[in-house]
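Residues per chain, in single letters:
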Amino acid sequence: MSDRACRPDRFGLRALDLDELRRRNGAKWMARPAAFSAWVADMDFRVAPPIAEALHEVIDRDELGYPNWGGPYAASPAARLFAPRMSERYGWELDEGRVHELIDVLQGVRAAVHHRSSPGDGVVLHVPAYHPFLDSIDSMGRRRIDVAWTGEGFDYDDLDARLTADGGASVWILCNPHNPLGHVFERPELDRIAEIAARHDIVVVSDEIHADLTMPGHDHVPFASLGPEVAARTVTVTSASKSFNLAGLRWAVMHAGDRTFHETIRALPGHYLGAPNLMAVTATVAAWTRCDEWLTDVVDVLDENRVALVGLLADHLPGAIYRPPAATYLAWIDVTGVGLGDDAAEVFRDRGVELSPGSQFGPGGEGHVRLNFATSPAILAATVAAMAG
Ligand SMILES: Cc1ncc(COP(=O)(O)O)c(C=O)c1O
């Protein structure tokens, strides 16, 4: 365990109250108010104090009208912080002229698939996959080209051969770090993806929403930071919403390194994509300027929980196979050996624990559940004990 785990619990991250959580109105706890909720990707932690203060200040000033950010189409203060934040945290020097604001991350991913491919085109996806990616490809009539997880890695030789044989692909949705596997694509693997994408002329849409939740010992490398040629075929989409738990506020940001997509977005009529939400921008500015210590403490708790889960599963659910993820607070657990039948998530639900069924994540999801461990160590222990029935 890192030295950082010795820091005092200044933000109350370890001292959550289960009754309080069960009274919450959000999707996570409302699904089954009396149960343990470990499904949707929201954290149970309290709002970071600087974010709460900044939001309260807006209310206290009675300033909920149109904000003054320098003109109707001027970049919000959050968008202006994006480039310096990427440079400081990840050494990625992005082109500020290519930054676009969004309502949410999925809007950017879907817009890129919509504008950079046509019905019938191939779209590459690592599977199992975050289910809205599966839905996006299917609902837009694109053809999914899966790269399957082998347990140790992804098989790029097989993908390369299929791309050559099957007429290629227009877009590759990369989710780095990966949901639900918690896999961090480190530099050699990203280089391989970049090489295949260049050779088959594929635009890469890189969803990096979980980047700040990369665990100690691993490094997040923004895909577009590999070099100018890679950046020129990449659309990167991210937000502060996962790492600072702001999903309800709705704001995201996109870097359209791919010139065609950038020009398509720029040519849309004004207000077509809406305008940024004042509260979301306020929260993101506070997150990106005043919450690094909070984030460090969150990563400490998550790091502790992802390791503790190994012992908890061994004690309560022998037969479950789990490897602590390199990023995110999502545990991908193979429960085939526990003997709960075809729908283990349904059995856990009957035992009072709401998890995400692996089947939701497409090929490779069978026999798995996804457990969200962004909660206090005590609630995590109680959740796993309840899973045992
Ligand atoms: C990989 C990934 N992308 C996107 C999202 C959703 O982001 P948004 O609500 O901004 O669309 C999530 C939420 O869990 C996610 O895990």
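This structure is a prediction, so every number in the text was calculated from the model and none was measured.

Rules used throughout
- Residues numbered from 1 in each chain as written.
- Predicted model: local features only at pLDDT ≥ 70, side-chain atom pairs only at ≥ 80, totals over all residues.
- Heavy atoms only, no water.
- Helix = DSSP H or I, 4+ residues; strand = E, 2+ residues; numbered from the N terminus.
- Contact = heavy atoms within 4.5 Å.
- Buried < 20%, exposed > 50% of the residue type's maximum accessible area, 1.4 Å probe, protein only.
- Pairing = 2+ DSSP bridges.
- 1 Å grid on protein atoms, 1.4 Å probe; cavity = no way out; pocket = protein on both sides within 12 Å on 5 of 7 lines; lining within 4 Å.
- Points joined across faces, edges and corners; volume = space filled by probe spheres on them.
- Nonpolar A, V, L, I, M, F, W, Y, C, P; charged D, E, K, R; others polar.
- Core = buried A, V, L, I, M, F, W, Y, C linked by side-chain atoms within 4.5 Å.
- Near = heavy atom within 4 Å.
- Polar contact = N/O pair within 3.5 Å; in protein donor to acceptor, adjacent residues only side chain to side chain.
- Areas by Shrake-Rupley, 256 points an atom, 1.4 Å probe, with all protein chains shown as cover.
- Sits in = over half its atoms within 2 Å of the grid points.
- Phe/Tyr/Trp six-rings, centres within 6.5 Å; stacked < 30°, edge-to-face > 60°.
- Lys NZ or Arg CZ within 6 Å of the ring centre and 35° of its normal.
- Salt bridge = Lys/Arg side-chain N within 4 Å of Asp/Glu carboxyl O.

Looking at the side chain of N305
Turning to its location among the elements, N305 is positioned in helix α12 (residues 292-316). Look past the residues within four positions of N305 in its chain and what remains in contact with it is F373, T375, S376, P377 and L380.

Topic: the pairing of strand β10 (residues 330-334)
Taken across its five residues, β10 has five buried, putting it largely inside the fold. Side chains L330, W332 and D334 project from β10 onto one buried face, and the interleaved A331 and I333 project onto a second face that is buried too. Here strand β9 (residues 321-322) pairs with β10 via two bridges, running antiparallel. Paired with I321 across the two strands is D334, which belongs to β10. Pairing of β10 with strand β13 (residues 368-372) involves five bridges; the strand directions are antiparallel. Pairing of W332 across the sheet is with R370, part of β13.

What about the sheet that holds β13?
The strand order across the open sheet built from four strands is β9-β10-β13-β12, with neighbouring strands paired in antiparallel fashion. At either margin of the open sheet sits one strand with a lone partner, and together these are β9 and β12 (356-357).

Focus: the layout of surface pockets
Empty space left among the atoms is revealed by rolling a probe the size of a water molecule over them. What the largest pocket holds in volume is close to 870 Å³. Broken down by secondary-structure element, the contributors of at least two residues to the lining of the largest pocket are α4 (77-90), β2 (99-102) and α10 (259-266). A per-element tally of the lining of the largest pocket places β2 first, with four residues. Considered class by class, the residues forming the lining of the largest pocket number 19 nonpolar, seven polar and four charged. Taken as a whole, the second largest pocket encloses approximately 530 Å³ of empty space. Around the second largest pocket sit 27 residues that line it, and A41, L106, Y130, I209 and K242 are the ones nearest its centre. Those elements that place two or more of their residues in the lining of the second largest pocket are α5 (105-116), α6 (131-139) and β12. Residues belonging to the lining of the second largest pocket are distributed by class as follows: 14 nonpolar, seven polar and six charged.

Describing the nonpolar core
F45, I51, F244, W294, L302, F348 and L371 are the most contacted members of the largest nonpolar core, which has 77 residues in total. Considering every element that reaches this core, the biggest residue donor is α12, with nine residues. Setting aside residues no more than four positions away along its own chain, F45 makes contact with L13, L16, R24, N245, W294, V298, V301, L302, A374, T375 and S376.

Considerations on the site of the ligand
For the ligand, the full set of nearby residues is A41, D104, V105, L106, Y130, C175, N179, D207, I209, H210, K242 and R250. In this structure, D207 approaches the ligand through a side-chain N or O atom, which is 2.5 Å from a nitrogen atom. Starting from 400 Å² of accessible surface for the ligand in isolation, the protein chains cover 93%. More than half of the atoms of the ligand fall within 2 Å of the grid points belonging to the second largest pocket. Tallied by class, the residues present in the shell around the ligand amount to six nonpolar, two polar and four charged.

Observations regarding the packing of aromatic side chains
Throughout the structure, instances matching the rule amount to ten aromatic pairs. Residues F154 and F185 carry aromatic rings whose centres are separated by 5.9 Å and whose planes lie at 5° to one another, so their mutual orientation is stacked. With a gap of 31 residues between them, F154 in the loop between β4 (143-148) and α7 (156-165) and F185 in the loop between β5 (171-175) and α8 (187-199) connect regions that are remote in the sequence. Overall, F154 belongs to the buried group, its relative accessible area being 9%. When its relative accessible area of 0% is taken as the criterion, F185 is described as buried. An aromatic cluster is present here, built from W149, F154, Y156, W172 and F185 joined pairwise through their rings. Lying over the aromatic face of F36, R22 brings its terminal NZ or CZ to 5.1 Å of the ring centre.

Quick look at the pattern of salt bridges
With the rule as written, the count across this model stands at 24 salt bridges. Between R199 and D160 there is a salt bridge, with the nearest N and O atoms lying 2.7 Å from each other. In this pair, R199 sits in helix α8 while D160 sits in helix α7, placing the two residues 39 residues apart along the sequence. Assessed through its relative accessible area of 45%, R199 is described here as partly exposed. A relative accessible area of 13% places D160 in the buried class. The salt bridge partner of E195 is R199, with a shortest N-O separation of 2.6 Å. Of this pair, E195 and R199 both sit in helix α8, four residues apart, which is roughly one turn of the helix. By relative accessible area, E195 is classed as partly exposed at 36%. Here the salt bridges do not stand alone but share partners, grouping R85, R89, D212 and D292 into one network.

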